[in-house]
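Here are the chains, one letter per residue:
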Amino acid sequence: MKIAVCGKGGVGKSTISALLVQALLDQGRKVLAIDADPSPHLARLLGLGRKTIVPIAEMKDLLQQRSERNGPFYNMNPRVDDLPDRFMEKQGSLRLMVLGAIPQGGAGCACAENAVLRNLLNRLLLSEGEDIVLDMEAGVEHLGRGTIASVDHILIVVQPYRGSIETAGKIETLARDLKIKSLHVVASNIQDSSDMDFIRESCGVEPVGQFPFSSEVRMAEREGRPVASVDKRLLDAAAELIQNLEPVL
Ligand SMILES: Nc1ncnc2c1ncn2[C@@H]1O[C@H](COP(=O)(O)OP(=O)(O)OP(=O)(O)O)[C@@H](O)[C@H]1O
Ligand SMILES: [Mg+2]
């Protein structure tokens, strides 16, 4: 199953992505984690790779070469099949790819580079035999680029405050435009039942998962330790969320 984790900045996307990855690994699955955040730190949250992994999006020479850019012309279907192996960090059944920020168009159009990254992501999303967890950039802009049109599920992470729910509404609208049918709300940083009531009422749906506030997770993040296994309640919440998603398939 291929899951993209979206939401407003700071709502807990990367933490929940790391927890989902760990829960899938604990079930004996093979997992590909993709960090598509412009300031990526999923590797640290997963306890992977002490060296800094350079995001593919920052490898300008490679992207230019693959896009075969020649003045205004470029290859819209560039070769990417050999890239995953070269740019994956591996540990047991887990592979991590740090995509980084997919460049925007506009000034100094990055369409050629974009074509390489989009092709790479689509190729990964269409491959079989591995669960994929995609930790997305905050906000809604990335949805306009259509890069996640081929995921099975979009999880929209919200916290019990209005701003995060407004962003969730915008994500929902854009995701429906992309014809993604499986959209779910995930509640993050929940402290009490009134938090859940607020989310249920303002979203008008039952969240597919809920993650309690955890001081262990907060401390682990501050100290740069992996977050996925520090609080069993959160790992159990991730396992339950995965179980709730599966009947949809
Ligand atoms: N359930 C939780 N309990 C306590 N703290 C949490 C919880 N989930 C996330 N946090 C903390 O909230 C902060 C933001 O979390 P995280 O980085 O996962 O959010 P994000 O949505 O990925 O942010 P960004 O938009 O910057 O990528 C971090 O300090 C993290 O440790
Ligand atoms: Mg993040």
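Residues numbered from 1 in each chain as written. Chains lettered and ligands numbered in written order. Predicted model: local features only at pLDDT ≥ 70, side-chain atom pairs only at ≥ 80, totals over all residues. Heavy atoms only, no water.

Secondary structure assignment for the protein yields 10 helices and 8 strands. In terms of overall dimensions, the protein is globule-like: its C-alpha atoms have a radius of gyration of 18 Å, near the 18 Å expected for 249 residues. Principal-axis analysis of the C-alpha atoms places the extent of the protein at approximately 60 × 35 × 35 Å. Sequence separation of 24 or more characterises 73% of the internal contacts of the protein that already satisfy a separation of 6 or more. Averaging the positions of the 29 positive and the 33 negative side-chain charges in the protein gives two centres separated by 4 Å. (Helix = DSSP H or I, 4+ residues; strand = E, 2+ residues; numbered from the N terminus. Rg over C-alpha atoms; globule rule 2.2 N^0.38 Å. Contact = heavy atoms within 4.5 Å. Lys, Arg positive; Asp, Glu negative; His and termini not counted. Charge placed at Lys NZ, Arg CZ, Asp CG, Glu CD.)

Membership of the largest hydrophobic core comes to 42 residues, with the highest contact counts inside it found for Leu134, Ile148 and Ile154. Top element by residues in this core is helix H5 (residues 111-126). It accounts for 6 residues. Not counting the four nearest positions on each side in its chain, Ile154 is found in contact with Ala4, Cys6, Leu143, Ile148, Ala175, Ile180, Ser182, Leu183 and His184. If you look at the next biggest cluster of nonpolar residues, it comprises 38 residues, including Leu42, Val208, Phe211 and Val217. (Core = buried A, V, L, I, M, F, W, Y, C linked by side-chain atoms within 4.5 Å. Buried < 20%, exposed > 50% of the residue type's maximum accessible area, 1.4 Å probe, protein only.)

The 8 strands lie next to each other as E3-E4-E2-E5-E1-E6-E7-E8, forming an open sheet whose pairing is mixed. Either end of the sheet is taken by a strand with one partner, and the two such strands are strand E3 (88-91) and strand E8 (209-212). With strand direction ignored, the average angle separating the axes of adjacent strands in the sheet is 20°. By the bridge criterion, 3 bridges tie strand E7 (residues 183-190) to E8 in an arrangement that is parallel. Bridged to Val186 within E8 is Gly209. Helix H8 (residues 193-203) rests against strand E6 (153-158), E7 and E8 of the sheet, and its axis sits at about 155° to E7. (Pairing = 2+ DSSP bridges. Axes fitted to C-alpha atoms, helices over the stretch in contact; angles between N-to-C directions.)

It is worth spelling out the pattern of salt bridges at this point. It is possible for side chains of opposite charge to pair when their charged atoms get near one another. Scanning the model with the defined rule gives 9 salt bridges in all. With a closest N to O distance of 3.3 Å, Arg29 and Asp131 form a salt bridge. Of this pair, Arg29 sits in the loop between helix H1 (13-26) and strand E2 (31-35) while Asp131 is found in strand E5 (residues 131-135), placing the two residues 102 residues apart along the sequence. For Asp131, a relative accessible area of 5% puts it in the buried group. Between Arg176 and Glu172 there is a salt bridge, with its nearest N and O atoms 3.1 Å apart. Placement of both Arg176 and Glu172 in helix H7 (residues 162-177) is noted, with a separation of 4 residues, approximately one turn of the helix. (Salt bridge = Lys/Arg side-chain N within 4 Å of Asp/Glu carboxyl O.)

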